[in-house]
Amino acid sequence: MSRITRRKNDHLDIVLNPPSDQKIIASGFERWRFEHCALPELDLDAIDLHLSLFGRRLNAPLLISSMTGGASRADAINRHLAQAAQALGLAMGVGSQRVALEGNDTRGLTKALRKVAPDIVLMANLGAAQIAGANGLDYARRAVETLEADALIIHLNPLQEALQHEGDRDWRGVLQAIGKTVQALPVPVVVKEVGGGLSVPVARRLVDVGVAMLDVAGAGGTSWAAIEAARAPEPQARAVAMAFSGWGIPTARALADLHQALPQLPLIASGGIADGIDVAKALRLGATLVGQAAGVLQSALHSSEAVITHFETLIAQLRVACFCTGSADLRALRQARLERVE
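Under an unreviewed UniProt entry, the name given to the chain is Isopentenyl-diphosphate delta-isomerase, and the source organism is Pseudenterobacter timonensis. Quoted verbatim from the Function (unreviewed entry) field of UniProt, the annotation for the chain is "Involved in the biosynthesis of isoprenoids. Catalyzes the 1,3-allylic rearrangement of the homoallylic substrate isopentenyl (IPP) to its allylic isomer, dimethylallyl diphosphate (DMAPP)." Listed in UniProt under the heading Subcellular location (unreviewed entry), the comment for the chain reads: "Cytoplasm".

Shown next as structure tokens:
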């Protein structure tokens, strides 16, 4: 097992069993509440949740967010996720393709994944450190071609890399590399954080170099600082990492700020999405798409049926939230009365 593969397996184990002493930060959605509509004048079953993204139809505004691309369990996990996405008409982003591109172990990240899910929005994925490397453009092209992907996600994880024993510490030139990648690829580029959130100044810089969509991926979900603390080789490194387990911009705040500053920019909300009501709140606060990863990981380990059941529950909750706000479709939901509570 390679060093990177071992690290990816560690990450999955810790996500499934997070450290009990990590600092807890809320996603911020608990600070918002919809005004209940007692007279919706709607047919619940007729509520329309569909949208179009990158030229494909989605049956619901949900993204199965990037989960794993290097762990030994990735083949089964990605197959289960892709089968569920195809069955339900959802979007899917794969985990980092670094291991697959650097070695002979594809971890299920091949054209076979597209054959399982021929109709979905499928997004390739690479880390910013790889994009900024000498092979960045080659990796980006191969990542997209290998999956016949509709877009490339570039993930930003500076905090994780800073705390990781073997992390990439030199982030000079990353923005320029992202801009070159945007120009070189025939598909849109999406940039996401991994739990720290995106600020408005960073978002503006990314938009300026041509990034098509941003995933705020804020604090409130998985803490990669806590995960790296659990992997730390000695107590001092663990103490440094654990201090940052509550670091980041809460998802709801990052989403609201970015939508206010850049109202035309398509946004993905991820990071601590607990249920379909959170999905509805995220859509109302400006998200085009709402992503979930850790929340469905346990289901993904078992079967595609378990993943389908998980997201059917989320969709049913979203549909009821639309019904009880008098929203016949996503456009109406984005105008529903949402109040901030303290």
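Looking now at unusual backbone geometry. Phi at phenylalanine 54 is positive, roughly 50°, even though this residue is not glycine. Along the chain, the position of phenylalanine 54 falls in the loop between β2 (51-53) and β3 (56-58). Backbone geometry at glutamate 148 places phi at a positive 50°, although glycine is not the residue there. Looking at the element boundaries, glutamate 148 is found in the loop between α6 (136-147) and β7 (151-156). On the basis of relative accessibility, which here comes to 42%, the residue glutamate 148 falls in the partly exposed class.

If you walk around this closed barrel you meet the eight strands as β4-β5-β6-β7-β8-β9-β10-β11, and the pairing is parallel. On average, each strand axis in the sheet is tilted by 25° relative to the strand beside it, whichever way the strands run. Strand direction decides the pairing type here: strand β8 (residues 189-193) and strand β9 (residues 213-215), joined by three bridges, are parallel. By the bridge assignment, lysine 192 is partnered in β9 with aspartate 215. Sheet strands in contact with helix α15 (residues 304-323) are β4 (62-64) and β11 (289-292), and its direction is about 160° off that of β4.

Before going further, it helps to spend a moment on the pattern of salt bridges. Scanning the entire structure with this criterion turns up 10 salt bridges. Of the charged contacts in the structure, one is a salt bridge between arginine 231 and glutamate 228, with a shortest N-O distance of 2.8 Å. Here arginine 231 pairs with glutamate 228, and both are found in helix α10 (residues 224-231), just three residues apart, close to one helical turn. Accessibility expressed as a relative area gives 2% for glutamate 228, which makes it buried. The closest approach of N and O atoms between aspartate 257 and arginine 253, which form a salt bridge, is 3.5 Å.

Rules behind the numbers
Residues numbered from 1 in each chain as written. Predicted model: local features only at pLDDT ≥ 70, side-chain atom pairs only at ≥ 80, totals over all residues. Heavy atoms only, no water. UniProt positions renumbered as here; feature names shortened; annotations may be inferred. Helix = DSSP H or I, 4+ residues; strand = E, 2+ residues; numbered from the N terminus. Buried < 20%, exposed > 50% of the residue type's maximum accessible area, 1.4 Å probe, protein only. Pairing = 2+ DSSP bridges. Axes fitted to C-alpha atoms, helices over the stretch in contact; angles between N-to-C directions. Contact = heavy atoms within 4.5 Å. Salt bridge = Lys/Arg side-chain N within 4 Å of Asp/Glu carboxyl O.

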